[in-house]
Amino acid sequence: MANTYPRSFSHIGLSVPDVQKAVAFYTEVLGWYVIMEPSEIREDDSPIGQMCTDVFGRGWGKLKIAHLATSDKVGIEIFEFSANETPENNFEFWKTGIFHFCVQDPDIEGLVEKVVAHGGKQRMPIREYYPNEKPYKMVYCEDPFGNVLEIYTHSYELTYSQGAY
């Protein structure tokens with residue numbers, strides 16, 4: 001039996017109604033790098049067209065996609081599907097599946113202000129995880145497209161480990 005080891009995180013895919021506006025938001029607010037400008041992919045016999053048909057099934061038609069990267073090399077694929085729909089309730093946290101992603105910034109207040117100034121929203125007050133123990137804070141926000149974005153002031157492993165501060 002092979003040993004199990006921790007895999008690194010490669011990327012996450014986000015579906016948005018406007019790929020250009022999403023690229024602007026994520027580069028201006030979070031400072032992510034554009035590694036592939038928005039481009040259109042069509043349902044055809046090209047390698048990318050075939051791959052998309054494998055993933056989405058026949059009849060997806062066309063889509064726009066852009067690729068971004070974080071400072072720690074995590075990729076962000078931003079998709080704009082031609083027949084996209086905005087859900088009535090974008091925060092059905094009780095349903096299984098991915099319901100948010102998280103970034104970290106020691107200036108949590110400043111980043112929340114940028115999110116809101118660029119069309120996103122703050123879903124809750126900024127909270128301390130361990131009041132009087134660790135200076136770790138968190139908050140849930142949304143990008144302008146309804147994707148739920150959490151912000152931590154410290155790294156995940158420091159936030160949840162004992163005696164790490």
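Residues numbered from 1 in each chain as written. Predicted model: local features only at pLDDT ≥ 70, side-chain atom pairs only at ≥ 80, totals over all residues. Heavy atoms only, no water.

## A look at the sheet that holds strand S4 (residues 75-81)
Right, on to step 1. Taken together, the four strands give an open sheet; going across it, the order is S1-S4-S3-S2, and neighbouring strands pair in mixed fashion. Looking at which strands have only one partner, the edges of the open sheet turn out to be strand S1 (11-15) and strand S2 (33-42). Averaged over all pairs of adjacent strands, the angle between strand axes in this sheet comes to 20°, irrespective of strand direction.
Right, on to step 2. When S1 meets S4, the two strands line up parallel, connected through five bridges. The residue bridging Leu14 from the neighbouring strand is Ile78, located in S4.
Right, on to step 3. Of the strands in this sheet, S1, S2, strand S3 (62-69) and S4 touch helix H1 (residues 19-29), which is tilted by about 10° from S3.
Right, on to step 4. Lying over the sheet, helix H2 (residues 47-56) contacts S2, S3 and S4, oriented at roughly 80° with respect to S2. (Pairing = 2+ DSSP bridges. Helix = DSSP H or I, 4+ residues; strand = E, 2+ residues; numbered from the N terminus. Axes fitted to C-alpha atoms, helices over the stretch in contact; angles between N-to-C directions. Contact = heavy atoms within 4.5 Å.)

## Side note on the pattern of salt bridges
Right, on to step 1. With the rule as written, the count across this model stands at five salt bridges.
Right, on to step 2. The salt bridge involving Lys137 is made with Glu109; its shortest N-O contact spans 3.0 Å. You can see Lys137 sitting in strand S8 (residues 137-142) and its partner Glu109 sitting in helix H3 (residues 108-117), a full 28 residues away along the chain. (Salt bridge = Lys/Arg side-chain N within 4 Å of Asp/Glu carboxyl O.)

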